[in-house]
Amino acid sequence: MITILSPIQYIFIVAVVLYILDSIWEVGSIFRPQKFSKRLADYFILAGLSFHCAFLIVVSIKSGTLPISTLFESSTFYLSLIVLLSVILKFLYRLQSLTPFVMPIVTGFSIASVALVRNDLAMTYNLKTFWLFAHIIPIFLGYASFTVSFIFSIMYLTQERQLKKKAFGPLFESLPSLETLDTLMWKTITFGFPLLTIGLVAGTVWAKTSNILGLLWYLDPKVLLGSLTWLIYAAILHLRLGASFHGTKVAIVTIVGFAIVLLTFIGPFLMGHKHGYEKRSVTLEQNVSPDDVRITKVKS
Amino acid sequence: MNLHTVGLNHDSAPVEIREKLAFSASAVPIALSSFTQSFPSSETVILSTCNRVEIYATSPDNSLNKESLLDFFSAFHDLPKEKFSGHMYHYQDINAVRHLFFVASSLDSLVRGETQILSQVKEAYMTAASAETTGSILNQLFQRSLNVAKDVHTRTNIGKGKVSVSSVAVDLAIKIFKDFSDKTIFIIGAGEMCELVLKHLVERGANTAIVANRNYDKAKSLAEEYNGKAINYENLEDYLPQADIIISSTAAPHYVIHTEHIKNAIKIRRGNPMLLIDIAVPRDINPEIAKIDNVYLYNIDDLQTVANSNIDDREKELGKCQKIIEKEVEKFMAWFEELKIGPAISQLRNHFHEIGEQELERLRPKLGEIAHEEWEHIVYSMQRTLNKILHKAAKVGKEKAKNGGGYQYVETIKHLFGIHHKDDSKK
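Thresholds applied
Residues numbered from 1 in each chain as written. Chains lettered and ligands numbered in written order. Predicted model: local features only at pLDDT ≥ 70, side-chain atom pairs only at ≥ 80, totals over all residues. Heavy atoms only, no water. Helix = DSSP H or I, 4+ residues; strand = E, 2+ residues; numbered from the N terminus. Expected span 1.5 Å × (residues − 1). Buried < 20%, exposed > 50% of the residue type's maximum accessible area, 1.4 Å probe, protein only. Axes fitted to C-alpha atoms, helices over the stretch in contact; angles between N-to-C directions. Parallel < 35°, antiparallel > 145°, perpendicular 65-115°, else oblique. Left-handed = near helix turned anticlockwise from the far one by under 90°. Contact = heavy atoms within 4.5 Å. Buried area = accessible area lost by both parts, 1.4 Å probe. Salt bridge = Lys/Arg side-chain N within 4 Å of Asp/Glu carboxyl O. Nonpolar A, V, L, I, M, F, W, Y, C, P; charged D, E, K, R; others polar. Domains from an automatic or database assignment.

Participant: So what's going on with helix H5 (residues 130–165) of chain A? Which residues, and what values?
Facilitator: Residue and element names in this part refer to chain A. Between its terminal C-alpha atoms H5 stretches 53 Å, which fits the 52 Å expected from 36 residues at 1.5 Å a residue. A large share of H5 lies buried, amounting to 27 of its 36 residues. Two residues or fewer past H5, lysine 166 is found with a positive phi of approximately 60°.

This is the structure:
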């Protein structure tokens, strides 16, 4: 099987190209502000996000459900939520230094997700149920805000290192105060945690009522990892609320939390378990067998 | 029509001379009016700060030069010229323009890139403008100098980075804390530097201060000034956990704050960051404390290093600033030359038309009876001829003015048509 991108997917490719340009400009604007203008970076990110959303909307309209019918779609959906959240936070808090950290990561993941198309997996169940929306949307939003809080903790630790090492370069200048980062880290977690909880509860009810994961649904790796994620973030909440802990410790635990998020998201695929997804290449119009190609070549 | 600057600054003269020649804020208007009395039809601005005293002046005649300006200083301050003339610099025309642009952009300042001078130049200009001692030339010159200074500051990094120890300390505090209104600042010892940092932090919203000093009265007086609380030096330890920012500068020969103190404090604070600034020599705070998580410790050398590197960075921007200024100096000079070309060309035009009219007057009786219409044709033809001859000269003059060299061109024309003397007597 070889892969040919469908015309719709080229919309996403355009978004990725804009994200690559944005990443260069975002990082460049810190170290060479004269050469890389922040305004151009803003245009790149907004244009990229527009193409990204356009892609997801077209996909949704075509399939009549959320853009999560394939792993590729759900990855891009998740990435769009991260960019959207970052852009909102950037303009809400006048936070110039968030996107230079977010965009290289998002761009990396986007490129990786394009690579996914080659060997994509499709959703196995009827996608038009209420439970799907109740389960997926909160969880995805929760994951996206955890990702952003992970980025805040990276920023926190970077700034912390620079303060300790007395390395006061352009990066030091552009990063906000530790207190600001600590607050934002906290806000994004408290935004994501209730959403994750709702998503998990909805998922549990769905699994119990429709029996789509079988009788032993609670042994599904994704369910287990999801619960572990929930526990980690509950622990962070406890650290901050109960023990009112601040500073580097919270930042480190947030990074661990995000590692679990990533594991929950893609881990089961790597391990061969596919909570919800299976190879169903028939449904993927972009996959064409070599035989078909040969035939068209002969014809032409 | 020439532009002159005569003055002195921190480089050219010691403070003993500068203070003698300085004009106080109330003396400036008096000096301005006495200047215009001595040099009627001149324009002038007086810039007097603690680091420089300068007179900018221009006059359509040739009454202004270095000596006449020095005489003014001497007369106004009642000081013999020999006493200060060696410390004075004099710039003329393009050099005077360049000098003002340098001064306004803070490239000629003791601390390069500081912004205070810009408001001082503005102030000096406003004072002169309201005393009505400025005209079209100095108005143009000073307004442009303010714009150039803003341009230099926004397009280069000449004003970036703090260059004093106390402001570097505040910059560090800003990178740790978001706002200072809910933070406690703990001052140990009472030095000028401590107070300066405290003052900066209070300006940024800090409103809780604790002061400890071996001399309780000293602590009390500083605390009262900033609405803070003075504590007994012996109880210093008890207050450490409350402190978000600690600034220490005691004369103690040993450490005042020990590792155990801060370890304990940070435990109580549950990881809430602490900023410690040790300005004392010998040091007050055990340097081992820097290793504790969430504690940020800086000593006087750290702060000085940052300040020095910022000063170096500013020096590196000089070339860029000079380029911007040079462009603007050229633009101003083009305008200035055009200003000179304008009157010269109208003089030339008047001169030609006068000759034409004289010739017509001579011709009129010789023609006898002719129709009014025919005479009109003759007059018209004469005017056209003159205008055609003048057209090229005026055009080249304006071009020359734009590209420099306008002044020489004007002089040549004057010589060529013998209007030199007339011009001077007119002025």
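Following the structure, the description resumes.
Participant: I'd like a rundown of the packing of helix H2 (residues 27–38) of chain B against helix H3 (residues 66–77) of chain B, residues and numbers included.
Facilitator: Residues and elements named next belong to chain B. The contact between H2 and H3 brings their axes to 11 Å, and the two run at 130°. In terms of orientation, H2 lies oblique with respect to H3. The handedness of the crossing between H2 and H3 comes out as right-handed. Across the interface between the two elements, Ala27, Ile30, Ala31, Ser34, Phe35 and Ser38 of H2 pack against Leu69, Phe72 and Phe76 of H3.

Participant: I'd love a proper account of the interface of chain B and chain A, names of residues and values included.
Facilitator: Contact with chain B, which involves 27 residues of that partner, is made by 24 residues of chain A. Carbon and sulfur atoms make up 48% of the surface buried where chain B meets chain A, a total of about 1900 Å² over both sides. Between chain B and chain A we count two salt bridges in total. The salt bridge involving aspartate 302 of chain B is made with lysine 166 of chain A; its shortest N-O contact spans 3.0 Å. Counting only elements with at least two residues in the side of chain B that touches chain A, the list comes to helix H7 (165–176), strand S10 (295–299) and helix H12 (300–316) of chain B. Residue composition of the side of chain B that touches chain A, grouped by class: 12 nonpolar, four polar and 11 charged.

Participant: With reference to specific residues and values, describe the packing of H5 of chain A against helix H7 (residues 178–210) of chain A.
Facilitator: Residues and elements named next belong to chain A. Two numbers describe how H5 lies on H7: the axes approach to 7 Å, and their chain directions differ by 155°. With respect to their mutual orientation, H5 and H7 come out roughly antiparallel. Taken as a pair, H5 and H7 cross one another with a handedness that is left-handed. For the contact of H5 with H7, a count of residues per class yields 27 nonpolar, 10 polar and two charged.

Participant: Outline the domain arrangement of chain A, supporting the account with residue identities and numerical values.
Facilitator: All names here are of chain A. Assigned domains within chain A: domain 1 (1–120) and domain 2 (126–273). Between domain 1 and domain 2, the C-alpha centre-to-centre distance is 20 Å. Carbon and sulfur atoms make up 88% of the area that domain 1 and domain 2 hide from each other, which totals about 2500 Å². At the junction of domain 1 and domain 2, the tally comes to zero salt bridges. For the side of domain 1 that touches domain 2, the secondary structure elements donating two or more residues are helix H1 (7–31), helix H3 (71–92) and helix H4 (98–117). If one sorts the elements of the side of domain 1 that touches domain 2 by residue count, H3 sits on top with 10 residues. For the side of domain 1 that touches domain 2, a count of residues per class yields 18 nonpolar, eight polar and no charged.

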